[in-house]
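Tertiary structure, described
In case you want the letters, here they are:
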Amino acid sequence: SIGGDFFVSDNPALTSLSSLDALTSIGYQLGIRSNEALTDFALDALQSVGDGSDAFLVRDNPMMPQCEAQEVFDMLLMGPPSPDFFGNDTTATCP
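A brief look at the structure comes next. What you see is a predicted model; the values in this text were computed from it and never measured.

Quick word on the packing of aromatic side chains
Overall, the coordinates contain 4 aromatic pairs when judged by the stated rule. Here the aromatic rings of Phe-41 and Phe-56 are separated by 6.0 Å at their centres, their planes lie at 50°, and the arrangement is tilted. Remark: Phe-56 occurs in strand 5 (residues 56-59) and Phe-41 occurs in the loop between strand 3 (30-33) and strand 4 (48-49); sequence separation between them is 15 residues. The exposure class assigned to Phe-41 is buried, which follows from its relative accessible area of 1%. Residue class for Phe-56 comes out buried when judged on its relative accessible area of 0%.

Side note on the state of the cysteines
Tallying each qualifying case throughout the model produces 1 disulfide. Disulfide pairing is shown between Cys-67 and Cys-94; the S-S distance is 2.0 Å. Between Cys-67 and Cys-94, the disulfide has an S-S torsion of 80° and is therefore right-handed. With a gap of 27 residues between them, Cys-67 in helix 1 (residues 66-75) and Cys-94 in the segment after strand 6 (84-86) connect regions that are remote in the sequence.

Side note on the side chain of Ser-25
In this structure, Ser-25 sits in strand 2 (residues 25-26). Judged by its relative accessible area of 18%, Ser-25 falls in the buried class. A polar atom in the side chain of Ser-25 sits 2.8 Å from the side chain of Ser-1.

Criteria and thresholds
- Residues numbered from 1 in each chain as written.
- Predicted model: local features only at pLDDT ≥ 70, side-chain atom pairs only at ≥ 80, totals over all residues.
- Heavy atoms only, no water.
- Phe/Tyr/Trp six-rings, centres within 6.5 Å; stacked < 30°, edge-to-face > 60°.
- Helix = DSSP H or I, 4+ residues; strand = E, 2+ residues; numbered from the N terminus.
- Buried < 20%, exposed > 50% of the residue type's maximum accessible area, 1.4 Å probe, protein only.
- Disulfide = S-S within 2.5 Å.
- Polar contact = N/O pair within 3.5 Å; in protein donor to acceptor, adjacent residues only side chain to side chain.

As structure tokens, then:
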């Protein structure tokens with residue numbers, strides 16, 4: 001668990017978030033931004049993030065399937081309004 005904000009940003013060589021697979025909660029805001037080589041959103045153990053969709057920011061990760069981030073957002077029942085998704089791979093499909 002992380003009590004406040006958690007950001008992963010500007011890591012051009014980062015390809016996976018799998019090392020964070022035990023992370024279960026984030027106290028306020030989650031931001032995954034500008035990681036050009038990131039190909040997955042592997043935060044499946046995450047159970048809570050902040051207290052609203054404005055706490056969920058996933059932007060400018062062109063290799064990461066946006067549907068993976070959407071699945072986690074939906075699982076957390078964080079809407080409405082919509083999360084801040086932009087610049088991720090919107091052509092990918094998720095199982």
